[in-house]
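Each chain, letter by letter, is given below.
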Amino acid sequence: MNTMERLFGWRHAFDHPVSLGITVCVGALLLLAPLLIALVNRLARPEPRLRRELWQRYTSWLVIAPAVMLPILAGAAWTILAVTALSLACYAEYARATGLFREKLLSALVVGGILALNFAALDHWYALFAALVPLWAGLLVVAGILGDRPQGYIQWVALALLGFMLFGAALAHLSLFANDANYRPMLLMLLLCVQLNDVFAFCVGKTLGRRKLAPNTSPGKTLEGSLGALLLTTLLAVALGRLVFAGTALESWPLLVLMGAMISVLGQLGDLTLSSIKRDLGIKDMGALLPGHGGVLDRFNSVLLAAPALFHLAHYLLPAVGHGQAARIITGG
Amino acid sequence: MRAWHYTPAADFGLAPGERVKCVRREAGLVASLLLRLFWALVRLYLRVWHRIRVQGLENLPRETPFVLVANHTSHLDALVLGAFLPSRLRDRVYPISAGDTFFAKRSVGWFAALCLNALPLWRRKTCARALSELRERLAGGRCGYILFPEGTRARDGELAGFKPGLGMLVAGTATPVIPCHIEGAFAAWPPGKRLPRPRRLTLRVGKAVAFGDVKDERTGWEAVALAVRLQVQELAAT
C-alpha cells in the first residue's frame, strides 16, 4: 500500500473482515440499544435516575462511536488527527482538574510535546518519537526552573510530566499504529476490547460482585467484576486477534491469550489510575462534555496503559508495526 | 513533608455553555492566547483610529487584585481601560459587563468571554449574590476587574451617579480601586451609533485608593461610591 493510500485511502476502510465486522456490530448495537433500554425499563423497572443515566450514556455513545470509528476507517492521517485531538482534550481536562493550567509555560510545553509526538508518528519517524519522550521530559524539568519560583517546583513539574506521559506519550502510540498498512483492525480491536472490558466489569460486578476490589480508590468496582472482565475480554481479544494477526507470530494461542489478558488488566489499571487521580483531587468526574460519562478522560482512561503495551507487543512480535511502509514521509531522509 | 495542594479551575466541571456565563471562569491556554491576540489588536486600533493619549500610565496596576473604574459613555470604554495593562495580567483581568447585553445571545457571549474575558452581571436578577461572588473572587487575589459604577452608558455623555455595587466589592478590604477618566469616547462612539468615528481619546489614570477602614454595609458602600466618583470628577477637570 502506498503512503497516500494509507493516509487518505478511505476505499480501503473495509479491506480487513475484522474492520467490517466491528463496524457492523457497533452500528447494529447502536441501532438496537434503544430497544434493549426499553426492555430493561420494562422488565427490571430501574429507578428514574438510573433510567435517565442509561439514556444519557446511550446518546453520548451515538456521538463517541462515530467520532472514534470514522477517522480510523477514513485513513491514517485522520486517525492521527483524531488521536491528537483526543490527547489534547484529555490533557485539558487534567490540567484544569489539577490546577496545572495556571502554569502557562509548562502547560504550553506539554501541549507542544503532544503535537511533536503526533507529528513524529505522522511522519513515520520512530527514532524521533523515541527520542522525544525523554528529551521533552527533560525540557519540562528545565522549564520549571525558568520562573525562578522554586516553591511548588516538584509539584508542577511532576504534574506536567505525568500529564505528558499519560496523555502525550502513551496515547500517541495509537497514532504509531496508524503507520501500519493493517492498522484499522488492530486499532478497532484494541478500542472495542478496552471499552467492552469496562462494560463486562460493570455487568459481571452488578450480577455476581461481592468483594470490593479497591474500596478507597473506586468503591463501585468488585473483584468478581474484574475477574469476569479478564475472562470475557481475553476470550474476545483471542477471537479477534486470531483474525487480525493471522499469518504473524502473534497468531499462536498462548500469545493471543497473553495479549487479551494484558489488554484487560491494563485497561482496568488505566481506569484505576484515573480513579486515583480523581480521589486525590476530590472530584467525581473529569468534566461535563459527555453527558452520562463525565469528561473525555472518564471514557478513555482505560486506553492509556493498554495502547503502548499492545503496540510494543505487536512491534516486537510482528515484523514491526509499520513494516514495509515508507518512513519519514514529511521530513524525508 | 508539606502536603501537595491542588486547586482545580474555579469553574471546573461545568459544561462549555455554562462556563461562558460563570463568574468564576478561569482562562485556559487557548483563551489566554486569544486574549493576548485580541488585546494587541485593540491597542493597535486605539492608537491608529483614535490616536489615544494616556496620562498617568504609571498609576496602572502591576499586580492583582485591583478594580479599575471610569466614567461610561461608550462601548469603547472597557477597551480603553484594559488595553494598557501589563500583558502577563491579561487572562486575569475581567471587565464586568451587563449580562443582558453581552451574555443573552450565545454568539455574543462566547465573544465576550473568549476575546474580552468579560464576566456577566445581570442587572435585574440576583445582582447582590453575584456581587458577593465577585467580591469573594477578588479577595482571592488572582484577578482584577474593569467596572463602570454608573451601571450603564450615560446617554447624554455626562457623569451619572455611582451605584453602591462598587463598594460591595471592596469595602473593608485592601483591594486598590484605581479611578480613571476617559475623554472623547462619547464623541467617538455614543450609544445608538453603529460604528465608532475616528475621534481622539484621552485616558487619565488616577492614584489608587483602598477602602480598608470602610464598613462592609450599605452606608460604607455608598461612601465608597461617592468618594470614587469625586476622584473621577477631579480627573475629568485636570
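For the structure, check the block above.
What you are looking at is a predicted structure, and each value in this text was computed from that prediction instead of being measured.

This paragraph deals with the sheet that holds strand 6 (residues 177-183) of chain B. Strand pairing within a sheet occurs via backbone hydrogen bonds; the two strands may be parallel or antiparallel. Residues and elements named next belong to chain B. A sheet is described by the order of its strands in space; here 7 strands give the open sequence 1-7-6-2-5-3-4, paired in mixed fashion. Edge positions in the open sheet fall to strand 1 (53-55) and strand 4 (119-121), since each of these has one partner strand only. Taking the axes of each pair of neighbouring strands and ignoring which way they run, one obtains an average angle of 25° across the sheet. Sheet topology note: the strand 3 (residues 93-98)/strand 4 ladder contains 3 bridges and is parallel. Its bridge partner being in strand 4, serine 97 is matched across the sheet by proline 120. Contacts from helix 9 (residues 218-237) reach strand 2 (66-69), strand 6 and strand 7 (202-205), with the element oriented near 40° to strand 6.

All right, on to unusual backbone geometry then. In this structure, B:Pro65 follows B:Thr64 across a cis peptide bond, with omega equal to 0°. By the element assignment, B:Pro65 lies in the loop between strand 1 and strand 2. Positive phi, close to 55°, is recorded for A:Asp148, a residue that is not glycine. Within the chain, A:Arg328 stands out as a residue other than glycine whose phi angle is a positive 45°. What makes A:Arg328 partly exposed here is its relative accessible area of 25%.

The method is simple in principle: a probe with the dimensions of a water molecule rolls over the atoms, and the space it marks as empty is what remains. Roughly 1,400 Å³ of internal volume is contained in the second largest pocket. Forming the boundary of the second largest pocket are 41 residues, of which A:Gly99, A:Arg102, A:Glu103, A:Trp156 and B:Arg142 lie nearest the centre. Within the residue set of the lining of the second largest pocket, elements represented by two or more residues are helix 5 (104-123), helix 6 (126-146) and helix 7 (153-170) of chain A together with helix 6 (127-139) of chain B. Counting residues per element, the lining of the second largest pocket draws most heavily on helix 7 of chain A, at 5 residues. Partitioning the lining of the second largest pocket into residue classes produces 16 nonpolar, 10 polar and 15 charged.

Parameters at a glance
Residues numbered from 1 in each chain as written. Chains lettered and ligands numbered in written order. Predicted model: local features only at pLDDT ≥ 70, side-chain atom pairs only at ≥ 80, totals over all residues. Heavy atoms only, no water. Pairing = 2+ DSSP bridges. Helix = DSSP H or I, 4+ residues; strand = E, 2+ residues; numbered from the N terminus. Axes fitted to C-alpha atoms, helices over the stretch in contact; angles between N-to-C directions. Contact = heavy atoms within 4.5 Å. Buried < 20%, exposed > 50% of the residue type's maximum accessible area, 1.4 Å probe, protein only. 1 Å grid on protein atoms, 1.4 Å probe; cavity = no way out; pocket = protein on both sides within 12 Å on 5 of 7 lines; lining within 4 Å. Points joined across faces, edges and corners; volume = space filled by probe spheres on them. Nonpolar A, V, L, I, M, F, W, Y, C, P; charged D, E, K, R; others polar.

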